[in-house]
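Residue-level listing of the chains:
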Amino acid sequence: MPSLADKALFRDRAFIDGNWVAADDGATFAVDDPATGNAIGHVPMMGEVETRRAIAAAQAALPAWRARTAKERATVLRAWFDLILASQEDLARLLTAEQGKPLAEARGEVAYAASFIEWFAEEAKRVYGDTIPAPRPENRLIVIKQPVGVVAAITPWNFPAAMITRKVGPALAAGCTVVVKPAEATPFTALALAELGCRAGVPAGVLNVVTGVPERIGGELTANPAVRKLSFTGSTRVGKALMAQCAGTVKKVGLELGGNAPFIVFDDADLDQAVAGVLASKFRNAGQTCVCANRILVQDGVYDRFAERLAAAVAGFRVGAGVGDGVTIGPLINAAAVDKALGHVADAVAKGGRVLIGGGRHALGGNFVEPTVLTGVTAAMVVMREETFGPVAPLFRFAIEAEAIGMANDSDAGLAAYLFSRDIGRIWRVAEALECGMVGINEGVFSNEVAPFGGVKESGIGREGSRYGIEEYLDIKYLCLRLPA
Ligand SMILES: NC(=O)C1=CN([C@@H]2O[C@H](COP(=O)(O)OP(=O)(O)OC[C@H]3O[C@@H](n4cnc5c(N)ncnc54)[C@H](O)[C@@H]3O)[C@@H](O)[C@H]2O)C=CC1
Ligand SMILES: O=C(O)[C@H](O)CS(=O)(=O)O
């Protein structure tokens, strides 16, 4: 267990109906520190029965929670926000222990996670309806918005705090109740957030966290008719399966899925700005984010200079355990992630690509991979089609703008894209032509709580954060009133 100032934040039980509980049969599974491979603790291995109990608790808590005024729900969320920030250091240490990211990044993620609770505490009070001019004089037409009800949230391991609050914040603000299944690799952050929510006054049953076998928990969450919405963040493969599983009970779905972001550097770009953009976009969380630059497209005129400057900057990274002083690149989440990243490098080299820097396992061994820059990369290579989810920057060369747009859009994914140029006409042409949900323009990191986060094509459905995020947890109801004679 990581050393915490507030030891009560280390919860190794699931959280159902306001109680910390074990699996019915007492089974548990280990959670490992990706930097050392050592277990940091164990959590319950739950399945359908415990999940059904959590859904029933959420259903029982729904009437009272949705009956609270928006201001009352906002007050609880605001208290939760304050407690999260007050526990930022403990939450960051817990997050780094189970996910591996550098402590500085973990602190940033905790603040980012808290910002969604703060934002939706405010948005709760701005769920407006409509009045509509009636076509008949005896009628009055009104639109009201109501919480969808019990929500299931299934979240990934790469942002164990922010992906929870980006769902639970709007859900609770709207008057919904939630059952969360965090990634099996990173449950402790979710459980600590539930502890703080409880302290903030979130009533029993409003927020539940179930840990265990994904397929069994997910099977119950997607089939149980009491669950009216599924919000999922994770791989496209799993997202498609869960979407299909929800069809049987026609649940609302919100899907934040895989990416394959193009990062386009034009001849007229500010190269220092573009290099900084790649460092921020590609190497954040050791490349394990869905909005990472995955394909770096560089125009002929600046390709060699850009490659040289990027390699020099990448050489400045410090690889190590997230708790290490000055560490900027932590371990990948597990051995499979290492094999995938190195497999992409090997495939590129086998097909004529060249390693400019890095390219192999780091001397630290284990889950540590050298930050890597590849040149001479072509469309025949796997890095073009698959999300690497590791610290590998493949540089593709292009000649003209139309070619870059064609390459960028040649993907089933459509989450994020980046373009670096100082030509305003080009910026507008390319930004409007890119098939994605979010575009960074001369900017490598654009995520925040106020802007709509989400993708198109096979990168997902719906938006999170922003003024749009709460709408995902509301149903629209139309009232047609005939005035008494
Ligand atoms: N669009 C976005 O905002 C984000 C997308 N991702 C994507 O997620 C992937 C990496 O995250 P992972 O956690 O490895 O993805 P994953 O899809 O394997 O797991 C995500 C969550 O789904 C659960 N899960 C897996 N199989 C399940 C099943 N059959 N039934 C129910 N739950 C199941 C896991 O336990 C975890 O909680 C990458 O493809 C990345 O692009 C990750 C973060 C954000
Ligand atoms: O899980 C992710 O990759 C996050 O959505 C990326 S971000 O929101 O931190 O940009």
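Looking at an unreviewed UniProt entry, the protein carries the name NAD-dependent succinate-semialdehyde dehydrogenase, with the source organism given as Azospirillum oleiclasticum. One UniProt comment on the protein, placed under Sequence similarities (unreviewed entry), says "Belongs to the aldehyde dehydrogenase family."

Considerations on the overall build of the protein
The helix and strand inventory of the protein stands at 14 helices and 20 strands. Here the protein has a C-alpha radius of gyration of 23 Å; the compact-globule value for 485 residues is 23 Å, and the two agree. Oriented by its inertia axes, the alpha-carbon framework of the protein measures out at about 75 × 60 × 40 Å. Long-range pairs, those at least 24 residues apart, make up 72% of the contacts in the protein with a sequence separation of at least 6. Accessible surface computed for the protein: about 18400 Å², of which carbon and sulfur atoms make up 55%.

Quick word on the site of ligand 1
The environment of ligand 1 is formed by 28 residues, the closest being T155, E184, S235, L257 and E387. In this structure, S235 approaches ligand 1 through a side-chain N or O atom, which is 2.6 Å from an oxygen atom. The fraction of the free accessible surface of ligand 1 (830 Å²) that becomes covered by protein chains is 88%. In terms of residue count, helix α7 (residues 214–223) provides more of the shell around ligand 1 than any other element does, 3 residues in total. For the shell around ligand 1, the class distribution of residues is 14 nonpolar, 8 polar and 6 charged.

So, the pattern of salt bridges
Considering all chains together, one arrives at 31 salt bridges under this definition. A salt bridge links E48 to R216; its shortest N-O distance comes to 2.7 Å. Of this pair, E48 sits in helix α1 (residues 48–67) while R216 sits in helix α7, and the two are 168 residues apart along the sequence. Using a relative accessible area of 40% as the deciding quantity, one classes R216 as partly exposed. Between R93 and E89 there is a salt bridge, with its nearest N and O atoms 3.2 Å apart. On the criterion of helical spacing, the pair formed by R93 and E89 is a turn pair, its members being 4 residues apart in helix α3 (residues 88–99).

Focus on the UniProt feature "domain: Aldehyde dehydrogenase" (unreviewed entry) in the protein
Following the UniProt record, one finds the feature "domain: Aldehyde dehydrogenase" (unreviewed entry) at residues 20–478. Taken end to end, residues 20–478 is 39% helix and 21% strand, and its two terminal C-alpha atoms sit 41 Å from one another.

Some thoughts on α1
If you check α1, its first and last C-alpha atoms are 29 Å apart, about what 20 residues at 1.5 Å a residue would give, namely 28 Å. Of all the bends found along α1, the most pronounced is centred on A61 and spans about 40 degrees, while P63, a proline, follows it within four residues. Considered for burial, the residues of α1 that qualify are E50, T51, A54, I55, A57, A58, A61, L62 and W65.

Remarks on the environment of A433
Assignment of secondary structure puts A433 in helix α14 (residues 424–433). Expressed as a C-alpha distance, the spacing of A433 and A402, which sit 31 residues apart in the sequence, is 9.8 Å. Residues contacting A433, with those up to four places away along its chain left out, are I405 and N409.

Digging into the UniProt feature "active site" (unreviewed entry) in the protein
The feature "active site" (unreviewed entry), as annotated in UniProt, sits at E256 in this numbering. Excluding its chain neighbours within four sequence positions, the residues that come into contact with E256 are R166, F232, T233, G234, L415, F453, G454, G455, S459, G462, R463 and E464.

Notes on the sheet that holds strand β15 (residues 372–377)
Spatially, β14-β15-β16-β13-β12-β17-β18 is the arrangement adopted by the 7 strands of the open sheet, whose pairing is mixed. The sheet is open, and its two edges are formed by β14 (354–357) and β18 (438–441), each paired on a single side. Across the sheet, the axes of successive neighbouring strands diverge by a mean angle of 25 degrees, strand direction being ignored. As judged from the 5 bridges shared by strand β12 (residues 261–265) and strand β13 (residues 293–299), these two strands associate in the parallel manner. Each residue of the ladder has a partner; that of P262, found in β13, is R295.

The rules behind each value
Residues numbered from 1 in each chain as written. Chains lettered and ligands numbered in written order. Predicted model: local features only at pLDDT ≥ 70, side-chain atom pairs only at ≥ 80, totals over all residues. Heavy atoms only, no water. UniProt positions renumbered as here; feature names shortened; annotations may be inferred. Helix = DSSP H or I, 4+ residues; strand = E, 2+ residues; numbered from the N terminus. Rg over C-alpha atoms; globule rule 2.2 N^0.38 Å. Contact = heavy atoms within 4.5 Å. Areas by Shrake-Rupley, 256 points an atom, 1.4 Å probe, with all protein chains shown as cover. Near = heavy atom within 4 Å. Polar contact = N/O pair within 3.5 Å; in protein donor to acceptor, adjacent residues only side chain to side chain. Nonpolar A, V, L, I, M, F, W, Y, C, P; charged D, E, K, R; others polar. Salt bridge = Lys/Arg side-chain N within 4 Å of Asp/Glu carboxyl O. Buried < 20%, exposed > 50% of the residue type's maximum accessible area, 1.4 Å probe, protein only. Expected span 1.5 Å × (residues − 1). Bend = angle between axes of the 7 residues up to and from the residue. Pairing = 2+ DSSP bridges. Axes fitted to C-alpha atoms, helices over the stretch in contact; angles between N-to-C directions.

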